[in-house]
Amino acid sequence: MTQIQWTRKDLLGLRDLSREEIELVLETAKSFRDISLRPVKKVPVLRGKTVANLFFEPSTRTRVSFELAEKRLSADTIHVASSMSSIVKGETLKDTARNIEALKVDVVVMRHGSSGAPHRLAHHLKASVINAGDGINEHPTQALLDMFTILEKKGKIEGLNVTFVGDILHSRVARSNIWGLTKLGANVTVCAPKTLLPARVGELGVRVTTDLCQAVKDADVINLLRIQLERQQESFFPSIREYATAYQINREILRDAKPDVLIMHPGPVNRGIEITSEIVESPASVILDQVTYGLAARMAVLFLVSGAAKKEKEAK
Ligand code: CP
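Residues numbered from 1 in each chain as written. Predicted model: local features only at pLDDT ≥ 70, side-chain atom pairs only at ≥ 80, totals over all residues. Heavy atoms only, no water.

Quick word on the domain arrangement of the chain
- Looking at the chain, the domain boundaries give domain 1 (19-138 + 292-315) and domain 2 (140-288).
- Look at where the C-alpha atoms of domain 1 and domain 2 centre, and you get two points 26 Å apart.
- Across the contact, 29 residues belong to domain 1 and 28 residues belong to domain 2.
- Buried area between domain 1 and domain 2, both sides added, is near 2,300 Å², and the carbon and sulfur share of it is 60%.
- Scanning the region where domain 1 abuts domain 2 turns up three salt bridges.
- Between Glu 158 and Arg 19 there is a salt bridge whose closest N-O contact spans 3.0 Å.
- The interface formed by domain 1 and domain 2 contains nine residue pairs in polar contact (both at pLDDT 80 or more).
- Elements with a minimum of two residues in the side of domain 1 that touches domain 2: helix 1 (19-32), helix 2 (61-72), strand 3 (107-112), strand 4 (128-134) and helix 10 (287-305).
- Here the side of domain 1 that touches domain 2 is composed, by residue class, of 11 nonpolar, eight polar and 10 charged. (Domains from an automatic or database assignment. Contact = heavy atoms within 4.5 Å. Buried area = accessible area lost by both parts, 1.4 Å probe. Salt bridge = Lys/Arg side-chain N within 4 Å of Asp/Glu carboxyl O. Polar contact = N/O pair within 3.5 Å; in protein donor to acceptor, adjacent residues only side chain to side chain. Helix = DSSP H or I, 4+ residues; strand = E, 2+ residues; numbered from the N terminus. Nonpolar A, V, L, I, M, F, W, Y, C, P; charged D, E, K, R; others polar.)

Here we look at the site of the ligand
- In the vicinity of the ligand, the contacting residues are Ser 59, Thr 60, Arg 61, Thr 62, Arg 111, His 139, Gln 142, Pro 266 and Gly 267.
- At 2.6 Å, a side-chain N or O of Ser 59 approaches an oxygen atom of the ligand.
- A distance of 2.8 Å separates a nitrogen atom of the ligand from a polar atom in the backbone of Pro 266.
- In isolation the ligand offers 260 Å² of accessible surface; the protein chains occlude 91% of this area.
- A domain split of the shell around the ligand shows at least three residues from each of domain 1 (19-138 + 292-315) and domain 2 (140-288). (Near = heavy atom within 4 Å. Areas by Shrake-Rupley, 256 points an atom, 1.4 Å probe, with all protein chains shown as cover.)

Structural data, given as structure tokens:
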């Protein structure tokens, strides 16, 4: 059981977090996990707090998950999308945020297409900032929910072989997972065509391979990443069909995998490219469990950064 207290105003990434801080979030997520199974799916821990959701890039899972997590914690919420905000009239991100803060918002959840945007916001605001995905940099709550899913399904993270296959170069999910999983003692492998591997990725303490068979063989968990065409200014492989031929997770490639391997994917899934529909729907797939556990992970993060956890401890 982790003994430390959460002291951070913001959650911007897992790069800066210690092993103990990550474990604290995961333990807190466990305490929130079963609220969604109750007849009344609500607790009053964020009553009186206001959360602003600023989503300046498309999102389904993360946006809905944060919104529901905030409601389950009884927070008041507001939502701002870039197309509906004064950013389209030339207002800067800083001014938009300061105007929102003038309304006495306690927590800002932000998704942005530019790496570092939530960090800039956190620097200017007294409110807590949670990074809901910034450019190709980090997606900390996705990695936390991925780790929580592994813990729920495998009972541990230390010593497990976790393989990421796909567009590592443009993946904030891979980056946050690499920071988090290596701190918790997992053996991480990244697998992609050479052109989709970041330079010096091996220096992050991961095994690097372009050979899918090798990456799959000893994996306890395979986490798939889609090809992020929206972030690619140039062509990184001859065609999608060629990519799928070499890097798709399908029945044939899983013949050499461990029988209890977990198949994960942060979504959105491009069926027939990085994974076949058959494997998405197979018993090995925990893709929808990830979505379910995401709620608990985000409730935990909201609870910790808002200071509600500290207040609850002091009241005891
Ligand atoms: N996993 C994830 O970030 O999905 P969305 O882009 O739909 O939020």
